[in-house]
Amino acid sequence: DAKTTQPNSMESNEEEPVHLPCNHSTISGTDYIHWYRQLPSQGPEYVIHGLTSNVNNRMASLAIAEDRKSSTLILHRATLRDAAVYYCILRDFISNFGNEKLTFGTGTRLTIIP
Amino acid sequence: EAGVAQSPRYKIIEKRQSVAFWCNPISGHATLYWYQQILGQGPKLLIQFQNNGVVDDSQLPKDRFSAERLKGVDSTLKIQPAKLEDSAVYLCASSLDRTTNEQFFGPGTRLTVL
C-alpha cells in the first residue's frame with residue numbers, strides 16, 4: 001500500500017476553517033484518497049473520498065492537488081465536536097475485486113480551541 | 001438505521017486466559033472486518049469476511065486468534081490464549097460489499113490483559 005504523511009497534531013480555533021494536509025507522493029493511478037476520523041472512545045467514521053477532482057459533502061471538502069501527490073481535508077467551520085484523530089488513507093480499487101483494505105497510519109490529532 | 005453492534009464493551013482477563021468478542025453488522029452488509037487498535041496507533045485489519053467466507057486474514061495471528069462468521073451475518077473473534085500484547089481495542093466494521101467505499105465501525109471492545 002502507498003503511504004501517506006500527515007502532521008502528528010494540529011490546533012484550530014472554534015468556528016474557523018481547518019485545513020488538514022496529507023502528502024502521498026507515491027500514489028498510483030488507481031489509488032483513491034480516503035479520509036476517516038476517530039472521535040474519542042469511538043470507532044473511526046468515514047468522512048470523504050476522492051480520486052482526482054475536488055469533492056464536497058455535508059461533513060467536509062477534499063481538495064486534491066493536480067499531480068495528486070497531496071490533498072487537503074477542509075472543515076469549513078470547526079466545532080468542538082470535530083476534535084478527533086483524522087486519518088488520510090490511500091486505497092486501491094481493483095476491478096472484479098473491489099476495494100483493497102484500509103491501512104491506517106497514526107493520523108493527525110486535531111484539537112479545537114474554544 | 002441501527003449501527004454496528006459489539007459486545008462486550010470492556011473485558012479484563014489474565015494472560016493465558018481465553019476471550020471472545022461478538023459483532024453484529026448493519027443489516028444487509030455482506031462485508032465484515034475485524035481490526036485491532038493498540039493505544040496510540042491506527043486500527044490494523046485482522047480479518048475480512050465476504051458473507052461467510054474469508055477474504056483476507058494475512059495479519060491475523062492464527063496461532064492464537066480465530067474468527068468465524070458462520071451464517072454470513074454476525075461474527076465472533078476469539079483469542080486463546082491471550083498475551084499481554086493483545087491489550088487493545090478490537091473494532092468491528094461492515095460495508096455493503098467490497099466495492100462500497102464507506103466502512104461503518106462499531107464502538108469497539110477494550111481488552112486489558114493482566
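Data block above holds the structure.
Heads up: these notes are all about the structure in this document. Every chain is numbered independently, its residues counted from 1 as its sequence is written. Following the order in which they are written, the chains are lettered starting with A and the ligands numbered starting with 1. Only residues with pLDDT of at least 70 are given local features in this predicted model, and only at 80 or more are side-chain atom pairs given and counted; all residues enter the totals for whole chains, interfaces and linings. Calculation of side-chain values draws on the structure's entire complement of heavy atoms; hydrogens and water are dropped beforehand.

### What about the overall build of chain A?
1) Next: Helix and strand content of chain A: 0 helices and 10 strands.
2) Next: The size measure is the radius of gyration over C-alpha atoms, and the globule rule it meets is 2.2 Å times the number of residues to the 0.38 power. Rg of the C-alpha trace for chain A: 14 Å, near the compact-globule value of 13 Å for 114 residues, within the 12% margin.
3) Next: With respect to the principal axes defined by its C-alpha atoms, chain A has extents near 45 × 30 × 25 Å.
4) Next: The classification of residues rests on relative accessible area computed with a 1.4 Å probe and restricted to protein chains. Under 20% of the type maximum is buried, over 50% is exposed, and intermediate values are partly exposed. When burial is assessed residue by residue, chain A has 44% of its 114 residues classed as buried.
5) Next: Long-range pairs, those at least 24 residues apart, make up 57% of the contacts in chain A between residues at least 6 apart in sequence.
6) Next: Here chain A contributes 10 positively and 12 negatively charged side chains, and the mean placements of these two sets differ by 5 Å. Strands here mean DSSP runs of E at least two residues long; helices mean DSSP runs of H or I at least four residues long; both are numbered from the N terminus. Every residue pair with non-hydrogen atoms within 4.5 Å of one another is taken to be in contact. In this count, Lys and Arg are taken as positive residues and Asp and Glu as negative ones, while His and the chain termini are left out. In plain terms, the charge of a residue is placed at NZ if it is Lys, CZ if Arg, CG if Asp and CD if Glu.

### Structural notes on the overall build of chain B
1) Next: Each helix and strand in chain B was counted, giving 0 helices and 11 strands.
2) Next: Listed N to C, the secondary structure of chain B is β-β-β-β-β-β-β-β-β-β-β in terms of helices and strands.
3) Next: For 114 residues, the compact-globule formula gives about 13 Å, and the C-alpha radius of gyration of chain B, at 13 Å, lands near that figure.
4) Next: On the principal axes, the C-alpha backbone points of chain B span a range of 40 × 25 × 25 Å.
5) Next: Taking all 114 residues of chain B together, the buried fraction comes to 46%.
6) Next: A fraction of 54% describes how many contacts in chain B between residues 6 or more apart in sequence connect residues 24 or more apart.
7) Next: Each accessible area is a Shrake-Rupley estimate made with a 1.4 Å probe; only the visible protein chains count as cover when residues are assessed. When the accessible surface of chain B is summed, it comes to about 5,600 Å², and 49% of that surface belongs to carbon and sulfur atoms.
8) Next: Side-chain charges of chain B comprise 13 positive and 11 negative groups, with the mean position of each set lying 6 Å from the other.

### What to know about the pattern of salt bridges
Note on pairing: side chains with opposite charge can pair once their charged atoms come close.
1) Next: Salt bridges are counted wherever a side-chain nitrogen of Lys or Arg sits within 4 Å of a carboxyl oxygen of Asp or Glu. Under the counting rule described, the total for this entry stands at 6 salt bridges over all chains.
2) Next: Note that Arg37(A) and Glu45(A) form a salt bridge whose closest N and O atoms lie 3.0 Å from each other.
3) Next: Looking at Arg37(A), the relative accessible area reads 10%, which means it is buried.
4) Next: Between Arg64(B) and Asp86(B) there is a salt bridge whose closest N-O contact spans 2.5 Å. Of the two residues, Arg64(B) sits in the loop between strand S6 (53–56) and strand S7 (65–68) while Asp86(B) sits in the loop between strand S8 (75–79) and strand S9 (88–95), which places them 22 residues apart along the sequence.

### Focus on the interface of chain A and chain B
1) Next: Taken together, the contacts link 19 residues of chain A with 23 residues of chain B.
2) Next: The tally of links between chain A and chain B comes to 1 salt bridge.
3) Next: Asp56(B) is the partner of Lys101(A) in a salt bridge, and the nearest nitrogen-oxygen pair spans 3.9 Å.
4) Next: For the purposes of these results, a polar contact is taken to be a pair of N or O atoms within 3.5 Å, where, inside protein, one atom must be able to donate a hydrogen and its partner to accept one; residues adjacent in sequence count only when each atom of the pair is a side-chain atom. Here chain A is connected to chain B by 7 residue pairs in polar contact (both at pLDDT 80 or more).
5) Next: Each residue is assigned to one class: nonpolar for Ala, Val, Leu, Ile, Met, Phe, Trp, Tyr, Cys and Pro, charged for Asp, Glu, Lys and Arg, and polar for all the others, Gly among them. Of the residues in the side of chain A that touches chain B, the class split is 8 nonpolar, 9 polar and 2 charged.

### Examining the sheet that holds strand S6 (residues 61–64) of chain A
Residues and elements named next belong to chain A.
1) Next: A strand pair is defined by DSSP finding two or more bridges across the two strands. Read across the open sheet, the 4 strands follow the order S2-S7-S6-S5; overall the sheet is antiparallel. Each edge of the sheet is formed by a strand with only one pairing partner; in this case those strands are strand S2 (18–23) and strand S5 (55–56).
2) Next: Bridging between S5 and S6 involves 2 bridges; their strand directions are antiparallel. What sits directly across from Asn-56, in S6, is Ser-61.

### So, the sheet that holds S7(B)
Residue and element names in this part refer to chain B.
1) Next: Read from one edge of the open sheet, 4 strands run S1-S3-S8-S7, paired in antiparallel fashion. Strands with a single pairing partner mark the edges of an open sheet, and in this sheet they are strand S1 (5–7) and S7. Across this sheet, the average inter-strand angle for adjacent strands is 15°, counted without regard to direction.
2) Next: Direction of pairing for S7 relative to S8: antiparallel, over a ladder of 4 bridges. Across the sheet, Ala-67 pairs through a bridge with Leu-77, a residue of S8. Axis angles are defined between N-to-C directions and span 0 to 180 degrees, where every axis is a line fitted to C-alpha atoms and, for a helix, only to the segment in contact.

### As for the pairing of strand S7 (residues 70–75) of chain A
Residue and element names in this part refer to chain A.
1) Next: When S2 meets S7, the two strands line up antiparallel, connected through 6 bridges. Bridging across to S7, His-19 finds its partner in Ile-74.
2) Next: The pairing of S6 with S7 spans 4 bridges and is antiparallel. Note that in S7 the partner of Leu-62 across the bridge is Leu-73.

### Structural notes on the packing of aromatic side chains
1) Next: Two aromatic rings, drawn from Phe, Tyr or Trp (for Trp, its six-membered ring), form a pair once their centres lie within 6.5 Å of each other, and the interplanar angle then sorts them: stacked below 30 degrees, edge-to-face above 60, tilted otherwise. The final tally for this structure, using the stated rule, is 11 aromatic pairs over all chains.
2) Next: Relative to Tyr90(B), the ring of Phe21(B) lies with its centre 5.0 Å away and its plane at 25°, an arrangement referred to as stacked. Note that Phe21(B) is positioned in strand S3 (residues 19–24) and Tyr90(B) in strand S9, a separation of 69 residues in sequence. Here Phe21(B) and Tyr90(B) have matching classes, each one buried.
3) Next: In this structure an aromatic cluster arises from ring pairing among Tyr36(A), Tyr46(A), Tyr87(A), Phe104(A), Tyr33(B), Tyr35(B) and Phe105(B).

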